[in-house]
Amino acid sequence: MSNLLKYSGISTKIRAMHSKLIKPSQYETLVSLEKVSEALAWLKHQPAYTHVFEGLEENKAHRGEIEALLTNALYEDFTKIYRFADIKQRKFMDFYFMHYEIAILKRCLRSAYAKSENAMELSMFRAFFEKHSDVDIVRLGSCMSIDEFINGLRGSRYYGPLSRIKQTSDPSLFDYEMALDLYYFSYIWKTKDKVLKKKDLESLTEVYGPRLDLLNVQWIYRAKKYYDMAPVYIYSLLIPCNYKLRPAIIRSLVECGSVEEFFTILERTPYAMSYRKEANGELRSIETLYTTILKNIFSLANRRNPYSIACINAYLYFKEEEIQRITTIIEGIRYHLPPGEIANYALNT
């Protein structure tokens, strides 16, 4: 069966869901609102969020509840697509689900790292995760230390990577989170050829290839600037895969003698053009380089291969981006920031 026939149904379904995403003019309306209750009332009238916010009392809703409902909207969309997908498409979505699993683990990790005595309320997500995951997110959400959190992952695929980070000298929260990211992308890159074929494999490769390259660049940069790590240790923490960054370039970045030399070498990579300039003429940061490139990857892949997993991949990315924007706008309203400042934070990031 050709990809056109195989994906025509799910592509039509996703186009219908895509039409419900918030448009630029609607963001302008949302940014202009003065109260959180007004923003929630506005969201209730948007087709994609009417069901999600049904029964919510706008004047009593707290931050955690709002964020949980928005996150649940993303999970509900994933579920809608999953139910519509065939067996092969579901294999990719099971693959993709790790992204959500990592995100929820990071939330639990931050709570445990802060030794918070207030258990995270994750019961709303229990049913969704029980269908796709083998980790107990409710138990992990109640952990009050890193040791307890890591022990709670014993028997899962995430126990090994986090245990190794714990054995390093004074690991930070960023180190633990980066370990999860590195494991995720490494697993995807090593497994993709076994799960996907032809156009689907091509679509995923052109989306995840630059991401793993740039994660390695971020890790090398951070290891040199903040930790002064020896090259041998940096190598042990990198994703052992390459896309556009040749092994020789990776070796030069790892073994260079200074941060200044690091950027000189970066200028010789395929990502140099994206790194060089912001709109104001300044050099982009490593973090901005990652987000700048990521913004274009999904749209480009979807245009090149619309009848492939690219249509699923792109929609889920844009939905997640929408929820991040809504969350940022609501927080800006909560703290009475000017609309222009809120728009700058939410819509230009």
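Residues numbered from 1 in each chain as written. Predicted model: local features only at pLDDT ≥ 70, side-chain atom pairs only at ≥ 80, totals over all residues. Heavy atoms only, no water.

**Some points on the overall build of the chain**
Applicable threshold: Strands are runs of DSSP state E lasting at least two residues, helices are runs of H or I lasting at least four, and both sets are numbered from the N terminus onward. What the globule rule says is 2.2 Å times the number of residues to the power 0.38, and the radius of gyration is computed from C-alpha atoms. Residue exposure (1.4 Å probe, protein chains only): buried if accessible area is under 20% of the type maximum, exposed if over 50%, otherwise partly exposed. Throughout, a contact is declared for two residues whenever any of their heavy atoms are within 4.5 Å. Each accessible area value is a Shrake-Rupley result obtained with a 1.4 Å probe; residue values ignore everything except the protein chains displayed when judging cover. The sign given to each residue is positive for Lys and Arg and negative for Asp and Glu; His and the chain ends receive no count. In plain terms, the charge of a residue is placed at NZ if it is Lys, CZ if Arg, CG if Asp and CD if Glu.
Of regular secondary structure, the chain possesses 18 helices and zero strands. Over its C-alpha trace the chain gives a radius of gyration of 21 Å, about what one expects of a compact globule, namely 20 Å for 349 residues. Expressed as lengths along the three principal axes of its C-alpha atoms, the size of the chain is roughly 55 × 55 × 50 Å. Per-residue burial for the chain yields a buried fraction of 50% across its 349 residues. Taking the intrachain contacts of the chain between residues at least 6 apart in sequence as the baseline, contacts between residues at least 24 apart amount to 64%. Accessible surface for the chain amounts to roughly 17,500 Å². Of this, 52% is attributable to carbon and sulfur atoms. Taken as two groups, the 48 positive and 42 negative side-chain charges of the chain have centres that lie 7 Å from each other.

**Some words on the packing of helix α1 (residues 3-18) against helix α17 (residues 309-334)**
Stated formally: Throughout, an axis means a line fitted to C-alpha atoms (over the contacting stretch in the case of helices), and angles, computed between N-to-C directions, take values from 0 to 180 degrees. In what follows, roughly perpendicular refers to angles from 65 to 115 degrees, roughly parallel to angles under 35, roughly antiparallel to angles over 145, and oblique to any angle outside these ranges. A crossing counts as left-handed when the near helix is turned anticlockwise from the far one by less than a right angle, and as right-handed when that turn is clockwise. When residues are grouped by polarity, Ala, Val, Leu, Ile, Met, Phe, Trp, Tyr, Cys and Pro land in nonpolar, Asp, Glu, Lys and Arg in charged, and all others, Gly among them, in polar.
Where α1 contacts α17, the two axes come as close as 9 Å, and the packing angle between them is 20 degrees. Put simply, α1 runs roughly parallel to α17. Handedness of the crossing formed by α1 with α17: left-handed. Facing Y7, I10, S11, I14, M17 and H18 of α1, the residues of α17 in contact are I309, C311, I312, Y315 and F318. Taken together, the residues that form the contact of α1 with α17 break down as nine nonpolar, two polar and no charged.

**Some words on the nonpolar core**
Note the following rule: Side-chain atoms within 4.5 Å link the members of a nonpolar core, which is a set of buried Ala, Val, Leu, Ile, Met, Phe, Trp, Tyr and Cys residues.
Ranked by size, the top nonpolar core spans 119 residues in total, and within it F149 and I312 carry the most contacts. Looking at which element gives the most residues to this core, the answer is α17, with 14 residues. If near-sequence neighbours (up to four positions away) are discounted, F149 is found in contact with L105, C108, L109, A112, L140, C143 and L162.

**A few points about helix α14 (residues 259-266)**
Residue pairs three or four apart in sequence face the same way in an α-helix, which turns once every 3.6 residues. Inclusion rule: To be clear, the arc concerns the directions from the helix axis to the C-beta atoms.
Restricting attention to buried positions, one finds in α14 the residues V259, F262, I265 and L266. All buried residues of α14 project into a common sector of 115 degrees when viewed along the axis, lining one side.

**Digging into the packing of aromatic side chains**
What counts, and what does not: The pairing test for Phe, Tyr and Trp rings, Trp by its six-membered ring, is centres within 6.5 Å, and the orientation test on the planes gives stacked under 30 degrees, edge-to-face over 60, and tilted for anything in between.
By the definition in use, this model includes 28 aromatic pairs. Here Y183 and Y187 contribute two aromatic rings whose centre-to-centre distance is 6.2 Å and whose plane-to-plane angle is 25 degrees, an arrangement assigned as stacked. With Y183 and Y187 both in helix α10 (residues 173-195) and four residues apart, the pair spans about one turn of that helix. Aromatic pair Y184 and Y208: ring centres 6.4 Å apart, planes at 70 degrees, arrangement edge-to-face. Of this pair, Y184 sits in helix α10 while Y208 sits in helix α11 (residues 198-227); the two residues are 24 residues apart in sequence, bridging distant segments of the chain.

**Concerning the pattern of salt bridges**
It is possible for side chains of opposite charge to pair when their charged atoms get near one another. Quick reminder of the rule: Salt bridges are defined by distance alone: a side-chain nitrogen of Lys or Arg within 4 Å of a carboxyl oxygen of Asp or Glu.
Per the stated rule, a full pass over the model turns up 14 salt bridges. The shortest N-O distance in the salt bridge between R63 and E67 comes to 3.2 Å. Of this pair, R63 and E67 both sit in helix α4 (residues 63-84), four residues apart, which is roughly one turn of the helix. For R63, a relative accessible area of 43% gives the class partly exposed. Classification of E67 as partly exposed rests on a relative accessible area of 25%. A salt bridge links K80 to D77, with the shortest nitrogen-to-oxygen separation between them at 3.8 Å. Placement of the pair is K80 and D77 together in helix α4, with a separation of three residues, close to one helical turn. Linked through salt bridges whose partners overlap, the residues forming this network are R63, E67, E331 and R334.

**Details of the side chain of E322**
Stated formally: The definition of a polar contact used here is a pair of N or O atoms within 3.5 Å, where within protein one atom must be able to donate a hydrogen and the other to accept one, and adjacent residues in sequence count solely through side-chain atom pairs.
Considering the arrangement of structural elements, one finds E322 in helix α17. Accessibility expressed as a relative area gives 2% for E322, which makes it buried. A distance of 2.5 Å separates the side chain of E322 from the side chain of Y49, its partner in a polar contact. Not counting residues up to four positions away in its chain, the partners in contact with E322 are L21, I22, Y27 and Y49.

**What to know about the environment of K60**
Tracing the sequence through the fold places K60 in the loop between α3 (36-44) and α4. Between the C-alpha atoms of K60 and Y75, which are 15 residues apart in sequence, the distance is 24 Å.

**Things to note about helix α9 (residues 159-166)**
Here α9 has its buried residues at P161, L162, S163 and I165. In this structure, the buried residues of α9 make contact with α8 (146-152), α10 and α12 (231-237).

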